[in-house]
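Coordinate analysis (summary)
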Amino acid sequence: GCAAFAVTISALATVGISALTLHFSLFENYGWGFFVGLPFTMGLIAAVTYGHHVERSLGASLGVAALATVFAFLFLFLLAFEGIICLFMAAPIAFPLTLLGGAVGYLVQRRPRHGNPSLAVLLAAFLLMGFEKVVEPEAPLFAVRSETVVDAPPETVWRHVVSFSELPPPEDWLFKAGVACPTHAEIEGQGVGAVRRCVFTTGAFVEPITIWDEPRVLAFEVTEQPPPMKELSPYDIHPPHLDGHLQSERGEFRLIPLPNGRTRLVGTTWYRHNMWPASYWQSWSDFLIHRIHARVLRHVKKLAEAEASLSKAG
């Protein structure tokens, strides 16, 4: 009973803070307070509450801390605050920090006549989120580069880079789970100033051309972009982190001629995200963007090689 109470109180406190971030823009921040402070606090609350009357072992303290995380994730999902994919991505950082909080809570409850710092630590995490929102630093700029070798000359590859036909249905489980998936690309005009639209399952990227160096470099800015994913959930939800927290700034295709009429096709995306710790979330965003690049590059390679084969046969 004590364990269930400790787990429930800890999980509900964390979910309550998360709910406040959805309704008060001052605290709508996905930074150190949200992804580090809250999980640590959740584990601390669970362990200290569990050991309030009877001293608990380290294993028991860590156990209630881990269970609190499981229950918090379950509540966030059932209350339609988050979807499965985002909870899956947050789990590797949330669980270790919750266990760290549980270990600190274990040390606190071992002290004679110990107080319960849970409320103060929870308030500190909440205020940290507000402070981060006010002094929010400029989001770092990251670059993701992917490449493939195409058995076709640059002139042929270029035509399928500028625009390409409908891609086949995705086989990658990430795209099936709701991550934005490219479907086709179209262009209006030619040369610098033309507008390219790369259409995804969640909407279209609007990409005014900034460099048109046929058949070597096609570069563009991104002036509009769709949500990065559709949350995998039985509810129709749209958490705040889907809007503006991952922002693509510009992109480039570079075609490098190789011997024997082949082409090295290099795609690069420059983007920003204002979710911290930045290095942790960069690993996820780089991974997802590489998968998007791979789907597009494979399609362009297939189209260009098919055209080159027809030309040789003719």
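Residues numbered from 1 in each chain as written. Predicted model: local features only at pLDDT ≥ 70, side-chain atom pairs only at ≥ 80, totals over all residues. Heavy atoms only, no water.

Our next topic: helix α6 (residues 154-162). Among the nine residues of α6, seven are classified as buried, and the element is accordingly described as predominantly covered. Along α6, the positions that sit buried rather than exposed are Pro154, Thr156, Val157, Trp158, His160, Val161 and Val162. (Buried < 20%, exposed > 50% of the residue type's maximum accessible area, 1.4 Å probe, protein only. Helix = DSSP H or I, 4+ residues; strand = E, 2+ residues; numbered from the N terminus.)

The next thing to look at is the pairing of strand β4 (residues 203-213). Judged from the six bridges that link them, strand β3 (residues 195-200) and β4 form a sheet pairing that is antiparallel. Within β4, the position partnered with Arg197 by the bridge is Val206. Taken together, β3 and the strand that follows it, β4, pair antiparallel across an intervening segment of two residues. Bridge count for β4 against strand β5 (residues 217-221) is four bridges, and the pairing is antiparallel. Its bridge partner lying in β5, Ile211 is registered against Ala219. Linkage of β4 to β5, two consecutive antiparallel strands, is achieved through a turn of three residues. (Pairing = 2+ DSSP bridges.)

Right, let's talk about the nonpolar core for a bit. Membership of the largest hydrophobic core comes to 75 residues, with the highest contact counts inside it found for Met89, Val157, Leu218, Phe253, Leu265 and Trp281. Top element by residues in this core is helix α8 (residues 278-313). It accounts for 10 residues. Within the second largest apolar cluster, six residues are counted, among which are Val144, Tyr271, Trp276 and Ala278. (Core = buried A, V, L, I, M, F, W, Y, C linked by side-chain atoms within 4.5 Å.)

On to the layout of surface pockets. Within this model, the largest pocket holds a volume of roughly 290 Å³. Along the wall of the largest pocket there are 13 residues; nearest its centre are Pro168, Pro169, Glu171, Arg295 and Arg298. Element by element, the count of residues in the lining of the largest pocket is highest for α8, at six residues. In terms of residue class, the lining of the largest pocket is made up of six nonpolar, one polar and six charged. (1 Å grid on protein atoms, 1.4 Å probe; cavity = no way out; pocket = protein on both sides within 12 Å on 5 of 7 lines; lining within 4 Å. Points joined across faces, edges and corners; volume = space filled by probe spheres on them. Nonpolar A, V, L, I, M, F, W, Y, C, P; charged D, E, K, R; others polar.)

Scanning the entire structure with this criterion turns up 11 salt bridges. Arg197 is paired through a salt bridge with Glu188; the nearest N and O atoms lie 3.1 Å apart. Between Glu252 and Arg254 there is a salt bridge, with its nearest N and O atoms 3.1 Å apart. (Salt bridge = Lys/Arg side-chain N within 4 Å of Asp/Glu carboxyl O.)

The tally for this structure, following the rule as stated, stands at two cavities of 30 Å³ or more. Reported here for the second largest cavity is a volume of approximately 30 Å³. Forming the boundary of the second largest cavity are Ile85, Phe88, Met89, Leu174 and Trp284. The element best represented in the lining of the second largest cavity is helix α4 (residues 84-110), accounting for three residues. In the lining of the second largest cavity, the residues fall into five nonpolar, no polar and no charged.

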